[in-house]
Amino acid sequence: MDHHYNQIPNPGSIQPHGVMLILNESLEIVQVSDNVDKFLGKEPEDLLNQTLDILLDTTQILALEELLKTTKTTSNFLKLAFQEQYFDAIVHRSQNHIVVELEPTNLKTDISFLSVHHLINDAINQMQQTSQLRDFMNLVTSEVKKITNYDRVMVYQFDTTGAGSVIAEAKQEQLSRYLGLHYPASDIPEPVRKLYTTSPLRFIPDINAKPSQLIASQSYHHQPLDLGKSVLRSVDPCCVSYHDNMGVAGLLVIALIQEQKLWGLISCHHYNAKHLPYEIRAICEFLGQVISLELGHLVIQEELDYKNKLKSLQTQFITSISNAENFLDALIYPAPRLLELVNAYGCAVCLDNEITLVGVTPNQEQVYQLIEWMDININEDLFSTNSLAKLYPAAETFKNTASGLILLRISRIRRYYILWFRPEVIQTVNWGGNPNLQNSLKPSPRHSFELWQETVHLTSQPWKQCELDSALDLRNAIVGIVINKADELAKINLELERSNRELDSFAYAASHDLKEPLRGIHNYSTILIEDYAHLLDEEGIDCLNTLVSLTQRMDILIDVLLRLSQLGQTELRLQSTNLNNLINRVLEVIRASRQQVSFEIRIPQPLPTIECDPVLVNEVFSNLISNGLKYNNCPDKTIEIGYLEPSNRNFPIFYVRDNGIGIQAHHFDTIFRLFKRLHSQEKYGGGAGAGLAITKKIVERHHGKIWVESIYGEGSTFFFTLECINTF
Ligand code: ADP
């Protein structure tokens, strides 16, 4: 918020609370400010081209010369007297010239060494006891306020873009708070920042005071001197109006430097003009250096603490992922952990087509679309941005949740992603009170704040390198643990598949070969009954009849085996199938075969068209519907056929519901086993106990699942999915 100072460090004028003399190496006065008569009782022309002894006695000149010997680049200070008026003289060299700045001082009000020592000691002691940056800065503002007595003391911190925010504030109670306000980088232009790194204290006792002009002797033809180190250098008009708007008259700014860069500023505002003796300013400058030093430690410590926290989260993840049965659960419980890992506000975990949202995020559909877009446009395993909408304009609609994004791609083959989100910066700003309430109070940096808001439009807080590293570490952990596990599983599955295929072909060959001798047994038994019955007694004939029916039954069983093994071997003939037409055909056949049994079929909503093998799926529906009618004592037999709307881009779940006899829960799995029947054949006229086994195999060939839910005595519902390419 401190809009400061001239771009060229020589405005040709100075603030009028002191006098400037510019001397050449022979101590001849070559330039002087036009206010000399007020302080020294002499006109500029009385002084120009004269040597310094026109003003000072020999002892003072000697002292000054002594000082200059040691003064190469830094400023130095001594007390001078001229006609009973005392001055603080601040002296420095610039381009072969000596710049002497004199500020009148009252010896009586001088601060004693002891009181200065006490003030600094107290401040430093307390600062050393705080280990948190925030606490430290709060202390800095209150200590600086104590020492300087300004109305408001703030610490500004710059971010990597140069924009700043007020991170600590000590103020007169009745003033409105600026704490938490942000302002754009343009508020403090680059040349001003540069000046602060070489001359870390800026003192402006009265921003509205009319500057005094520098007057040069006629014989002086030097280019304008660099007055970057001058304490009296006059104030840039922009800076004047900037602070005037805020109602500020007195200003003191102390630079905070870290690693030779401007880290922030301590800015002291006073609403009336305010003079500070040189000694106090020197204390502030010194304090600024101590704070800068301490700041270095604190910033490094804070970064280290943060990195350690991320590392410990990482370790927790590794442990829970290695131990977890379900890797998604290990990731998202407890939820804050996944967010803290990169300091995000929201997160989406996408495993295949299933998206799980944690924290503050765009909605499922928006995340889904975003992933689709990234699939095509982003190649890296780790990608991050703090302005998603600039790359992906659709993100503007959800800037409040996802202006910043980290994308972590865990597996390319499976669609495994983790996405972290950060909202637009404006959403996360700590206002330090309701900004709207400040309208009534005149001095307000709201304009800066609005400007800043424009510059951070559609942008989130940037991601730190350690946060990105943290995301990558998580990926490595997941890949290391989970993907290895999955690879092992895939290997086992492959072997299982191979042995299943072998089993199928064995079963096929065996059943095929069995049919031949069985037909022989059947034929010969029939011949025996037909042609030789008269040679046998009744018991013998019974045995033969049983033999014939056993061969018939065995024939059925072998057919089932053949069918099952065939199912495992033949390719699916996938085609887009309208299930409504398919069900109609199934029902026609069932009606034809069960003419005397009446039943009702309910289809609550038209079924979808899906990709499947229609012949096999016909068999699925046919089996389930027949069972529903078969295992049913109800006079009004009703079958409902429908599906559950697919959520989250999953496949629809089909169901066939009956109001039949129901199945006890402990049989829910057994009924799908081959030749497993719960009732004798006589009771419900059941089949070979193969219908559900075949149904299950067909569903599984379609990469689907089948299960049953039932209330014993009330009815059963069979659910299944068909997960070939979904044209839903
Ligand atoms: P089956 O060919 O004997 O009908 P399934 O494999 O189709 O054999 O079914 C296995 C067993 O599951 C059946 O014997 C029956 O006891 C039970 N079952 C199947 N469907 C139903 C249903 N809708 N309601 C009650 N029981 C059922």
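Further up the page is the structure itself.
These figures come from a predicted structure and were not determined experimentally.

Colleague: Kindly report on the overall build of the protein, identifying the contributing residues and their values.
Modeller: Looking only at helices and strands, the protein has 20 helices and 25 strands in total. A compact globule built from 728 residues should have a C-alpha radius of gyration of about 27 Å, whereas the protein, at 44 Å, is more than 25% larger. Expressed along its principal axes, the backbone C-alpha trace of the protein runs to roughly 160 × 45 × 45 Å. Of all 728 residues assigned to the protein, the portion counted as buried reaches 49%. Restricting the contact set of the protein to residue pairs at least 6 apart, pairs at least 24 apart contribute 67%. Entry remark: accessible area of the protein is about 36,200 Å², with carbon and sulfur atoms responsible for 52%. Once the 62 positive and 86 negative side-chain charges of the protein are each reduced to a mean point, those two points are 2 Å apart.

Colleague: Can you break down the packing of helix α5 (residues 133-148) against helix α8 (residues 278-323) residue by residue, with the values?
Modeller: The contact between α5 and α8 brings their axes to 11 Å, and the two run at 175°. Between α5 and α8, the angle is such that the two are roughly antiparallel. Along the contact surface, α5 presents Leu 133, Phe 136, Met 137, Val 140, Val 144, Ile 147 and Thr 148, while α8 presents Ile 280, Ile 283, Cys 284, Leu 287, Ile 291, Glu 294, Leu 295, Leu 298, Val 299 and Glu 302. Residue classes in the contact of α5 with α8 are distributed as 14 nonpolar, 1 polar and 2 charged.

Colleague: Give me the lowdown on the sheet that holds strand β9 (residues 182-183), citing residues and values where you can.
Modeller: The strands making up a sheet associate through backbone hydrogen bonding, with each pair oriented either parallel or antiparallel. Ordered by their spatial adjacency, 6 strands build an open sheet running β9-β8-β7-β13-β12-β10, and the pairing between neighbours is antiparallel. The outermost strands of the open sheet, each flanked by one partner alone, are β9 and β10 (201-204). As paired elements, strand β12 (residues 250-258) and strand β13 (residues 261-270) share 9 bridges and run antiparallel to each other. In the strand pairing of β13, Gly 250 is matched with His 270. Along the sheet, α5 makes contact with β7 (152-158), β8 (164-171), β12 and β13, crossing β8 at roughly 50°.

Colleague: Break down the packing of aromatic side chains for me, with residues and values.
Modeller: Scanning the entire structure with this criterion turns up 9 aromatic pairs. Centroid distance Tyr 643 to Phe 654: 6.2 Å. Interplanar angle 50°. Geometry classified as tilted. One end of the pair, Tyr 643, is in strand β22 (residues 637-644); the other, Phe 654, is in strand β23 (residues 653-658), and 11 residues separate them in sequence. Using a relative accessible area of 9% as the deciding quantity, one classes Tyr 643 as buried. Every member of this aromatic cluster is reached through a ring pair, and the members are Phe 621, Tyr 643, Phe 654 and Phe 720. For Lys 274, the ring lying beneath its charged end belongs to Tyr 150, and the centroid distance is 5.4 Å. When the ring centre of Trp 463 is taken as origin, the NZ or CZ atom of Arg 422, which lies over that ring, is 3.9 Å away.

What counts and how
Residues numbered from 1 in each chain as written. Predicted model: local features only at pLDDT ≥ 70, side-chain atom pairs only at ≥ 80, totals over all residues. Heavy atoms only, no water. Helix = DSSP H or I, 4+ residues; strand = E, 2+ residues; numbered from the N terminus. Rg over C-alpha atoms; globule rule 2.2 N^0.38 Å. Buried < 20%, exposed > 50% of the residue type's maximum accessible area, 1.4 Å probe, protein only. Contact = heavy atoms within 4.5 Å. Areas by Shrake-Rupley, 256 points an atom, 1.4 Å probe, with all protein chains shown as cover. Lys, Arg positive; Asp, Glu negative; His and termini not counted. Charge placed at Lys NZ, Arg CZ, Asp CG, Glu CD. Axes fitted to C-alpha atoms, helices over the stretch in contact; angles between N-to-C directions. Parallel < 35°, antiparallel > 145°, perpendicular 65-115°, else oblique. Nonpolar A, V, L, I, M, F, W, Y, C, P; charged D, E, K, R; others polar. Pairing = 2+ DSSP bridges. Phe/Tyr/Trp six-rings, centres within 6.5 Å; stacked < 30°, edge-to-face > 60°. Lys NZ or Arg CZ within 6 Å of the ring centre and 35° of its normal.

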